[in-house]
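Chain residues, written in single-letter form:
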Amino acid sequence: MTKNKAVRIGLLRESEVEEAARIVRLAFGTFLGLPEPTQFMGDRDLMTPRWRARNTKVLAARIDGRLVGSNVITRWGSFGFFGPLTVLPEFWDHGVAQRLLEDTVKVLDGWKLRQSGLFTFAQSAKHVGLYNKFGFWPGYLTALMHYAPATSALAPNGSTPVLLSSVKKSQREEAIRGCARLTNRVDKGLDLSDEIRAVLAQGVGEVVMIESRSKLDGFAVCMIGPGSEGGAKTCYVKFGVVRGGDGADARFDRLLDAIDGFAVSRGADVEAGVNLARRAAYTRMRAHGYKTMIQGVAMHRPHGDGFNRADVYVMDDWR
Ligand SMILES: CC(C)(COP(=O)(O)OP(=O)(O)OC[C@H]1O[C@@H](n2cnc3c(N)ncnc32)[C@H](O)[C@@H]1OP(=O)(O)O)[C@@H](O)C(=O)NCCC(=O)NCCS
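Every chain is numbered on its own, with residues counted from 1 as its sequence reads. Thresholds applied to this predicted model are a pLDDT of at least 70 for local features of residues and 80 or more for the giving and counting of side-chain atom pairs; totals over whole chains, interfaces and linings are not thresholded and use all residues.

Novice: What exactly am I supposed to notice about the packing of helix 7 (residues 248-265) against helix 8 (residues 279-288) here?
Specialist: Axes are the key here: two packed helices are described by the angle between their axes and the distance separating the axes. To define axes, lines are fitted to C-alpha atoms, for helices over the stretch in contact only, and angles between the resulting N-to-C directions are given on a 0 to 180 degree scale. Strands are runs of DSSP state E lasting at least two residues, helices are runs of H or I lasting at least four, and both sets are numbered from the N terminus onward. In the contact formed by helix 7 and helix 8, the axes pass within 10 Å of each other and the chain directions differ by 50 degrees. Of the possible angle classes, the one that applies to helix 7 and helix 8 is oblique. In the packing of helix 7 onto helix 8, the handedness of the crossing is right-handed. For the pair formed by helix 7 and helix 8, the contact residues are Ala248, Asp249, Phe252, Asp253 and Leu256 on the first element and Ala280, Ala281, Arg284, Met285 and His288 on the second. Here the residues of the contact of helix 7 with helix 8 are counted per class, giving six nonpolar, one polar and three charged. When describing relative orientation, an angle under 35 degrees is termed roughly parallel and one over 145 degrees roughly antiparallel, while 65 to 115 degrees is termed roughly perpendicular and anything else oblique. Working rule for handedness: look at the near helix, and if it is turned counterclockwise from the far one by less than a right angle, call the crossing left-handed; if clockwise, right-handed. Once C-beta atoms have been placed from the backbone, residue pairs whose C-beta atoms lie within 7 Å are recorded as contacts. Note that Gly is not counted as nonpolar here; it falls among the polar residues with everything else outside the nonpolar set of Ala, Val, Leu, Ile, Met, Phe, Trp, Tyr, Cys and Pro and the charged set of Asp, Glu, Lys and Arg.

Novice: Can you help me understand the packing of helix 5 (residues 169-186) against helix 6 (residues 193-202) in this one?
Specialist: Taken N-terminus to C-terminus, the directions of helix 5 and helix 6 make an angle of 140 degrees; their axes are 9 Å apart at the nearest point. Taken together, the axes of helix 5 and helix 6 lie oblique to each other. Helix 5 and helix 6 meet at a crossing whose hand is right-handed. Contact residues: helix 5 offers Ile176, Cys179 and Ala180, while helix 6 offers Ser193, Ile196 and Arg197. For the contact of helix 5 with helix 6, the residue count by class is four nonpolar, one polar and one charged.

Novice: Can you walk me through the domain arrangement of the protein chain in this structure?
Specialist: In many analyses, interface size is given as the accessible surface area lost on bringing the parts together. Per the domain assignment, the segments of the protein chain are domain 1 (7-113) and domain 2 (145-316). Where a domain begins and ends is set by an automatic assignment or by a domain database. Here the C-alpha centre of domain 2 lies 25 Å away from the C-alpha centre of domain 1. Taken together, the 15 residues of domain 1 in the interface contact 20 residues of domain 2. Of the residues forming the side of domain 1 that touches domain 2, the biggest block, three residues, is contributed by helix 2 (residues 48-52). A breakdown of the residues in the side of domain 1 that touches domain 2 according to their chemical character gives five nonpolar, five polar and five charged.

Novice: I'm lost on the site of the ligand in this one. Help?
Specialist: Using a C-beta atom placed from the backbone, a residue is scored as near a molecule or strand whenever that atom is within 6 Å of it. Residues in contact with the ligand amount to 22 residues; listed here are only the nearest, Ala27, Trp92, Ala97, Lys126 and Gly129. Those elements that place two or more of their residues in the shell around the ligand are helix 1 (17-31), strand 4 (79-87), helix 3 (96-110) and helix 4 (125-132). Here the element with the most residues in the shell around the ligand is helix 4; it accounts for five residues. Residue composition of the shell around the ligand, by class: 10 nonpolar, nine polar and three charged.

Novice: Help me out: how do you make sense of helix 6 in this one?
Specialist: The periodicity of an α-helix, 3.6 residues per turn, causes residues three or four places apart in sequence to face the same way. All of the buried residues in helix 6 are Glu195, Ile196, Ala198 and Val199. Down the axis of helix 6, the sector holding all buried residues measures 160 degrees, keeping them to one side. Looking at the buried side of helix 6, the elements it contacts are helix 2, strand 3 (66-76), helix 5, strand 8 (205-212) and strand 9 (215-225). Looking at the residues trailing helix 6, positive phi occurs at Gly203, about 65 degrees. Once C-beta atoms are placed from the backbone, each residue is buried if 20 or more other C-beta atoms lie within 10 Å of its own, exposed if 12 or fewer, and partly exposed for counts between those two. The directions from the helix axis to the C-beta atoms form the arc being described.

Next comes the structure, spelled out in structure tokens:
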């Protein structure tokens, strides 16, 4: 394994969060060739809310005490993923990312997950080769999709969706347990409870839930608002799921409608990712009107499907 002995890895400190967020923008903006690299993702913040959440660890790479890169590692129960992984452009190709990845896999292994993953640029031999060196194997494409719902979406079909922030505080934990039961059916141990708690505690989004006869049919964790991963004008669906089996297509359509209604109520468009192995979910999203903006590849460690399977009705993208 390549070592860059000048690089020290540790946890990102609060005093470094702003600079880490700047490096995220600069690194992606430079890689993508944006005229103003630091404008990457506009008002959206992929670093600060994650640094504050309890289900993440953010690693920092430093040279002589100077922050030169970082990586966010996120845990959803028995599944973990990492990103954004970024290095200051002037230090690219000096082994900094590999030093971060050595410690990243230690964190993932320490969490005793069933599987871990990441989303990356499928066309980049460097990216795929780098992650492959650490045991990640490319699977299906993941599409990052966009949809601008009509204002009429405010009145969705079927029962009215429930917003978790409007559920009485005393009943929220029970609702979160319901979400965990649902994800556990999709993949054993998959659990977004801490992600959901972080979103509500920080006020950086909402959980939109659909029910039938008081039973949870599905939910979507939507990031939106100033300082969030979605920013002011994007309802970013970090994760969405409905119960599989009979009637899953209709449940998924209802969840998409519910997300539209929520997005319109906030004056936002919707952005959601889906892995193309989840054939029905992708097909329903296309039929609903979602269009792919960018596609990348999901990489898995160990090599295997995890919850990127044809029978799974999940939206997420592991960015
Ligand atoms: C991607 C990024 C994090 C890599 O950081 P880095 O510090 O330059 O990467 P490193 O020098 O540690 O590792 C480079 C490795 O890529 C791999 N690689 C490079 N070119 C390759 C190729 N053509 N084929 C296969 N593997 C290749 C090699 O393993 C190489 O290391 P090695 O030569 O020692 O074997 C950095 O370029 C970056 O910040 N890019 C912009 C943001 C981004 O794309 N982030 C990742 C999103 S998933």
